[in-house]
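Observations on chain architecture
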Amino acid sequence: MAHVTREHLDRLLEQALLADDHSSLASRLYDVALGYSSGDVSRASILVLAAEEWRAAGQPARAMECFQLAVEDGGEAGFDPRAGIADTLFELDKPDEAREVIETIRAEGGVSTATAHTIAETLVAYGDLQGGLEWATQAALGCDENDPEQVAVLRTRYRIRVDLGLPEDELDELVH
């Protein structure tokens, strides 16, 4: 069992960026998560990173496994790993299942800004601008001024509104 530090993860990420090898990084992150005992980064966060790398490597089924393990782990992951599951389901051409996951997240309430932003980006990527706007608006209204996600959410929301041909509103003005 290993104690995982932010520095350890940063080194892994840096090496993989230099090698441009998502599969290798995903494998290493997965191994780190399996051997995890403690650390300043949660096992769920490591699993989400591994999932994202598996997706970048073109292996959505492996990504799905890591996102599911992150859900089961229950630790802090930056955003609800089920949002990653929904995104991967869309990628696997399972839009009905993806929407079910998203609706489950919505029904449970208490959605973080990062989770709402992730879902907004996913819906936009798969052609649902109106759904993306609803989630981006929820995220923008739910975050406070100190939330590091605020600017990104406002930009996403503004971009969606422009794509929909909507006039600027008071939240859009915060982007400028």
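Below is a summary of the structure that appears in this document.

Scoring rules and cut-offs
- Residues numbered from 1 in each chain as written.
- Predicted model: local features only at pLDDT ≥ 70, side-chain atom pairs only at ≥ 80, totals over all residues.
- Heavy atoms only, no water.
- Helix = DSSP H or I, 4+ residues; strand = E, 2+ residues; numbered from the N terminus.
- Expected span 1.5 Å × (residues − 1).
- Buried < 20%, exposed > 50% of the residue type's maximum accessible area, 1.4 Å probe, protein only.
- Arc of directions from axis to C-beta.
- Contact = heavy atoms within 4.5 Å.
- Phe/Tyr/Trp six-rings, centres within 6.5 Å; stacked < 30°, edge-to-face > 60°.
- Salt bridge = Lys/Arg side-chain N within 4 Å of Asp/Glu carboxyl O.
- Axes fitted to C-alpha atoms, helices over the stretch in contact; angles between N-to-C directions.
- Parallel < 35°, antiparallel > 145°, perpendicular 65-115°, else oblique.
- Nonpolar A, V, L, I, M, F, W, Y, C, P; charged D, E, K, R; others polar.
- Left-handed = near helix turned anticlockwise from the far one by under 90°.

This part is about helix 6 (residues 95-108). Between its terminal C-alpha atoms helix 6 stretches 20 Å, which fits the 20 Å expected from 14 residues at 1.5 Å a residue. The positive-phi residue at the C-terminal boundary of helix 6 is G109, with phi of around 70°.

Right, let's get into unusual backbone geometry. The residue D93 is not glycine, and still its phi comes out positive at about 60°. Looking at where D93 falls in the secondary structure, it is placed in the loop between helix 5 (81-91) and helix 6.

It is worth spelling out helix 4 (residues 60-73) at this point. The end-to-end C-alpha separation of helix 4 is 20 Å, in line with the 20 Å expected for 14 residues at 1.5 Å each. Those residues of helix 4 lying buried are P60, A63, M64, C66, F67 and A70. For helix 4, the angular spread of the buried residues around the axis is 165°, confining them to a single face. Those residues of helix 4 that are exposed and angled more than 90 degrees off the buried face are A61 and E72. Its buried side turned inward, helix 4 meets helix 2 (22-34), helix 3 (43-56) and helix 5. Once helix 4 finishes, G74 follows within two positions and takes phi at roughly 80°, a positive value.

For the rest of this paragraph, the subject is the packing of aromatic side chains. By the definition in use, this model includes one aromatic pair. Seen in terms of ring centroids, F90 and Y126 are 4.9 Å apart; in terms of plane orientation they differ by 10°. Their pairing is stacked. With F90 in helix 5 and Y126 in the loop between helix 7 (113-125) and helix 8 (129-142), the pair connects residues that are 36 residues apart, well separated along the chain. Taking the relative accessible area as the measure of exposure, Y126 reaches 36% and is therefore partly exposed.

Evaluated as defined, the whole model comprises 12 salt bridges. Salt-bridge contacts for R82 lead to E108; the nearest nitrogen and oxygen are separated by 2.9 Å. Taken together, the residues span a long stretch of sequence, with R82 in helix 5 and E108 in helix 6 at a distance of 26 residues. Given the relative accessible area of 19%, R82 is considered buried. The exposure class assigned to E108 is exposed, which follows from its relative accessible area of 52%. Here E103 and R106 are joined by a salt bridge, their closest N and O atoms 3.3 Å apart.

Turning our attention to the environment of I102. Along the chain, the position of I102 falls in helix 6. Each C-alpha atom, one on I102 and one on L123, is 9.7 Å from the other, the two residues being 21 residues apart in sequence. Look past the residues within four positions of I102 in its chain and what remains in contact with it is A86, F90, I119, L123 and W135.

The contact between helix 5 and helix 7 brings their axes to 9 Å, and the two run at 10°. When the axes of helix 5 and helix 7 are compared, the pair comes out roughly parallel. The segment helix 5 lies against helix 7, with A83, D87 and F90 engaging T115, T118, I119, T122 and L123. A breakdown of the residues in the contact of helix 5 with helix 7 according to their chemical character gives four nonpolar, three polar and one charged.

Where helix 5 contacts helix 6, the two axes come as close as 7 Å, and the packing angle between them is 160°. One element, helix 5, and the other, helix 6, form an angle in the roughly antiparallel class. At the point where helix 5 passes helix 6, the crossing takes the left-handed sense. Seen from helix 5, the contacting residues are R82, A83, I85, A86, L89 and F90; seen from helix 6, they are P95, E97, A98, R99, V101, I102, T104, I105 and E108. Partitioned by chemical class, the residues of the contact of helix 5 with helix 6 number 10 nonpolar, one polar and four charged.

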